[in-house]
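Descriptive analysis of the structure
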Amino acid sequence: MTMTRSFPDDFLFGAATAAFQVEGAAFEDGRTASIWDAFSRVPGAVINADNGDVACDHYHRYRDDVALMKSLGLQAYRFSTSWARVRPDGGAVNPKGVDFYSRLVDELLEAGIVPWPTLYHWDMPQALEERGGWTARETTERFVEFAVTMHEALGDRVPTWTTLNEPWCSSFLAYTAGAHAPGRQSVRDGLLASHHLLLAHGRAAQELRARGAQVGITLNLTVADPVDPSDLEDQDAARRIDGQFNRWFLDPLRVGAYPVDIVSDFRAVDEAAVAEFESAVRPGDLEIISQPLDFLGVNYYHGELVSGHAAEEPPVGGEAPTDRPTRSPYPADEDIHWPDRGLPRTTMGWEVQPEGLTRLLQRVAADLPGVPLYVTENGAAYDDELVDGAVDDPERTEFVRAHLSAVLDAIERGVDVRGYYYWSLFDNFEWAWGYEKRFGIVHVDYATQQRTVKRSGREYARIAAERALDIPVSAY
Ligand code: PNW
C-alpha cells in the first residue's frame, strides 16, 4: 500500500549548478582568472590539485545539457554567472562573456525551463582580490556594475534574480578558515567580507529592483541542536552556532542589525577585528541590507548536534580535504564539540537528517513572514560507479525522496515553499574536494565528458512529472 502526497500546482522542480564548478573554458573568449583559478593552483588547497579549467565543459556543451534537462522534465535551472567572464578583471564588459549567458537563457526558454540565475557563486575576478577582495568596500560597487550588466543583458527574459550564494562560505570559510578561495585566515577579513557581501547584495538589489526585477538571496542555513537540551553549556553551543551561521546573515537582512551576542563573542576573541568591522558598518548600510526580499533561497545539507563540553574523541567527518592547514570558520567556538549521533552519513561526512529541513523551513518562515521560500540547494555525495553504462545510487535516490517529503511536511504546516533545486544537476568541481566528490543526479565521466543519468535522476524526473511522492504506508 502506498499513499500519494502531492505538491502544490506552482511548485518548481529544478536542479542547480554554479559557473566555476561546471563551465570550464576558463581562459576562453576573454575570461580572466577568478580567485578559484588562483586558489586551485596553491599547493595543497584542492585535493589532487584539481582545477576548473575544463570541469564539465558546460560552456561548450550547454545546448546538449539543456536538452538533457528537458528530457528529465526539469522546470527550472539554477545556474550562476561568472564575473570574470562578464567583466574580466572586474573591469569593462566582455560582450562574448555576456553572450554566453544570453544564449543559455534562450536555450532554456526554448526548452520551457525557467532560468534562475545567481550573480555570485564564489568566483570573484582575481584582480579584485588583489585590490582587497571582499574586505574592500569598493568591491561592492564593482559587484553592482556586474549585476547591472547582467540585468541589462537578460532582464528582458529573466524576471527573478539571486544576488549571492551562501555569503557565510564566501566570508568565514574563505577569509577566516582559509578553506576556500582566496584562502585568507583572519577573523578581521571574515568579518569585513561578511559585511561587504551583504552590502553588495543590498546595493545590487536596489539597482535591479529599480529596473523591475524580483530580487532575493540564497543563504546556507542549518538547525543547531544541543546534545542535552537542559544543559546550559550545550544550549550555549547551539546559540553560538545558530548565531554565527544563521543569524549573522538572517538578522541584518530581516531586521537591519547584526546579532549583539555574536558580536560580543567575536569581540572576546579579537577586539581589534570587531572594532574594524564596526567602523566598516557605515550609517545607512543596514537600511540598504534590510530592504524587503522578494524571496529567500535556502540551502540545506545537514543539521548540527553540538555540545559545549570538551570533546573526548575527535569529531566525525567534515575534515579539511588536504594537509594544508585551515582554521575554524567559527573563531569564537573552537571549544564546541560535534558528537556523532549515529545517523547515516554521505561521503562528505555530512549527516543525513531530512527532518532538519522541515524545522529549518518553519523557523525561517517565522523569521521572515510573507517571504516565499525556495530550497535552492539540497543534495548528497556518494561514491557512484558507472557499471555497464548505468549508475545505481540507491542512497541518493532515498535522500531526494526523504528531503522532498520533508519539504511537503513544511508546506503542510503552512510554510510557503515554492520550489526545490537538487544540488547538483551534474557531478562537478566540488571546491576544495576537486572532482573526488560526486553530487550529481547525472554522472559525468571526466575523461570523455559523457553524461549518464543516475537512478536518482530518473526517480527525480518521475516525481517531477507526477508532481507527487508515493510513500509506503508503513513508512508514513
Ligand atoms: C555549497 N561547509 O557549498 C555550495 O553552494 C555548492 O557550490 C557546493 O558544491 C555544495 O554546497 C556542496 O558542498 C558548501 O563547509 C561547501 O559548511 C561547504 C560548506 C557548506 C556549503
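Parameters and conventions
Residues numbered from 1 in each chain as written. Predicted model: local features only at pLDDT ≥ 70, side-chain atom pairs only at ≥ 80, totals over all residues. Heavy atoms only, no water. UniProt positions renumbered as here; feature names shortened; annotations may be inferred. Helix = DSSP H or I, 4+ residues; strand = E, 2+ residues; numbered from the N terminus. Contact = heavy atoms within 4.5 Å. Polar contact = N/O pair within 3.5 Å; in protein donor to acceptor, adjacent residues only side chain to side chain. Salt bridge = Lys/Arg side-chain N within 4 Å of Asp/Glu carboxyl O. Buried < 20%, exposed > 50% of the residue type's maximum accessible area, 1.4 Å probe, protein only. Pairing = 2+ DSSP bridges. Patch = residues over 30% accessible without salt bridge, like charges linked within 9 Å, V, L, I, M, F, W, Y side chains within 5 Å. Areas by Shrake-Rupley, 256 points an atom, 1.4 Å probe, with all protein chains shown as cover. Lys, Arg positive; Asp, Glu negative; His and termini not counted. Charge placed at Lys NZ, Arg CZ, Asp CG, Glu CD. Core = buried A, V, L, I, M, F, W, Y, C linked by side-chain atoms within 4.5 Å. Near = heavy atom within 4 Å. Nonpolar A, V, L, I, M, F, W, Y, C, P; charged D, E, K, R; others polar. Phe/Tyr/Trp six-rings, centres within 6.5 Å; stacked < 30°, edge-to-face > 60°. Lys NZ or Arg CZ within 6 Å of the ring centre and 35° of its normal. Axes fitted to C-alpha atoms, helices over the stretch in contact; angles between N-to-C directions.

As a further point, take the UniProt feature "active site" (unreviewed entry) in the chain. Taking the UniProt record as the reference, the feature "active site" (unreviewed entry) is found at Glu166 and Glu377. Spanning 212 residues, the named residues nonetheless gather at one spot, since no C-alpha pair among them exceeds 10.3 Å. Note that Glu166 resides in the loop between strand 5 (160-165) and helix 8 (167-176). Counting through the fold element by element, Glu377 comes out in strand 10 (residues 373-377). Not counting chain neighbours up to four residues away, the residues in contact with Glu377 comprise Arg78, His121, Asn165, Glu166, Val298, Asn299, Tyr300, Tyr301, Tyr421 and Trp423. Of note is the side chain of Glu377, whose polar atom sits 2.9 Å from the side chain of Arg78.

Under the definition given, this model contains 53 salt bridges. Here Arg401 and Glu459 are joined by a salt bridge, their closest N and O atoms 2.9 Å apart. A residue pair is termed long-range when its members are at least 10 positions apart, and Arg401 in helix 15 (residues 394-412) and Glu459 in helix 16 (residues 455-466) qualify at 58 residues. Of the residues examined, Glu459 reaches a relative accessible area of 14% and is grouped as buried.

What follows concerns the side chain of Thr32. Within the fold, Thr32 resides in the loop between helix 1 (19-22) and helix 2 (35-39). With near-sequence residues (within four places) excluded, Thr32 lies in contact with Ala26, Phe27, Asp37, Ala84, Pro88 and Asp89.

Right, let's get into the pairing of strand 2 (residues 12-16). Among the five residues of strand 2, five are classified as buried, and the element is accordingly described as predominantly covered. Here strand 2 shows two buried faces, one formed by Leu12, Gly14 and Ala16 and the other by Phe13 and Ala15. Pairing of strand 2 with strand 13 (residues 417-423) involves five bridges; the strand directions are parallel. Residue pairing for strand 13: Ala15 is matched across the bridge by Tyr422. The pairing of strand 2 with strand 3 (residues 76-80) spans three bridges and is parallel. From the neighbouring strand, Gly14 faces strand 3, where its bridge partner is Ala76.

Extensive coverage of strand 10 is indicated by the burial of five of its five residues. Pairing analysis gives four bridges linking strand 8 (residues 295-299) to strand 10, with the strands arranged parallel. Note on strand 10: the bridge partner recorded for Asn299 is Glu377. Here three bridges tie strand 10 to strand 13, and the two strands are oriented parallel to one another. Its bridge partner being in strand 13, Val375 is matched across the sheet by Tyr420.

This part is about a negative patch on the surface. Among the surface-exposed residues, Asp383, Glu385, Glu395 and Glu436 lie close enough to one another that they form a single negatively charged patch. Among the structural elements, Asp383 can be located in the loop between strand 10 and strand 11 (386-387). On the basis of relative accessible area, Asp383 is assigned to the exposed category, the value being 61%.

A few words on the nonpolar core. Among the nonpolar cores identified, the biggest contains 130 residues, and Trp36, Trp134, Phe143, Trp248, Leu296 and Leu361 are the most heavily contacted of them. In terms of nonpolar packing, the next biggest core, distinct from the first, is built from 15 residues, Ala16, Ala76, Phe295 and Trp423 among them.

The environment of the ligand is made up of 15 residues, and the closest members are Gln21, His121, Glu377, Glu430 and Trp431. Between the ligand and Glu166, the relevant distance is 3.3 Å, taken from an oxygen atom to a side-chain nitrogen or oxygen of the residue. For the ligand, whose free accessible area comes to 450 Å², the fraction covered by protein is 88%. Tallying contributions element by element places helix 8 first for the shell around the ligand, with three residues. A breakdown of the residues in the shell around the ligand according to their chemical character gives nine nonpolar, three polar and three charged.

Okay, the UniProt feature "binding site: substrate" (unreviewed entry) in the chain next. Mapped onto this structure's residue numbering, the UniProt feature "binding site: substrate" (unreviewed entry) falls at Gln21, His121, Asn165, Tyr301, Trp423, Glu430 and Trp431. Structurally, Trp423 can be placed in strand 13. Residue class for Trp423 comes out buried when judged on its relative accessible area of 3%. Examined against the element boundaries, Trp431 turns out to sit in the loop between strand 13 and strand 14 (442-445).

Once that is clear, we can look at the packing of aromatic side chains. Scanning the model with the defined rule gives 45 aromatic pairs in all. Cluster of aromatic residues (ring-pair linked, three or more members): Phe20, Trp36, Phe39, Trp122, Phe429, Trp431, Tyr435 and Tyr446. The aromatic ring of Phe27 is capped on one face by Arg31, whose charged end is 6.0 Å from the ring centroid. One Lys or Arg, Arg451, reaches over the ring of Phe426 and ends 4.9 Å from the middle of that ring.

This part takes up the sheet that holds strand 10. Read around the closed barrel, eight strands run 2-3-4-5-6-8-10-13, paired in parallel fashion. Across this sheet, the average inter-strand angle for adjacent strands is 25°, counted without regard to direction. Across the sheet, helix 8 lies against strand 4 (114-120), strand 5 and strand 6 (214-220), angled at about 45° from strand 6, the strand it touches most. Packed on one face of the sheet, helix 14 (residues 354-367) meets strand 8, strand 10 and strand 13 and runs near 135° to strand 10.

With that settled, consider unusual backbone geometry. With an omega dihedral of 10°, the bond running from Ala181 to Pro182 counts as a cis peptide bond. Following the sequence through the fold, Pro182 ends up in the loop between helix 8 and helix 9 (187-210). Note that the residue after Trp423, namely Ser424, is joined by a cis bond; omega there is 5°. By secondary structure assignment, the location of Ser424 is in the loop between strand 13 and strand 14.

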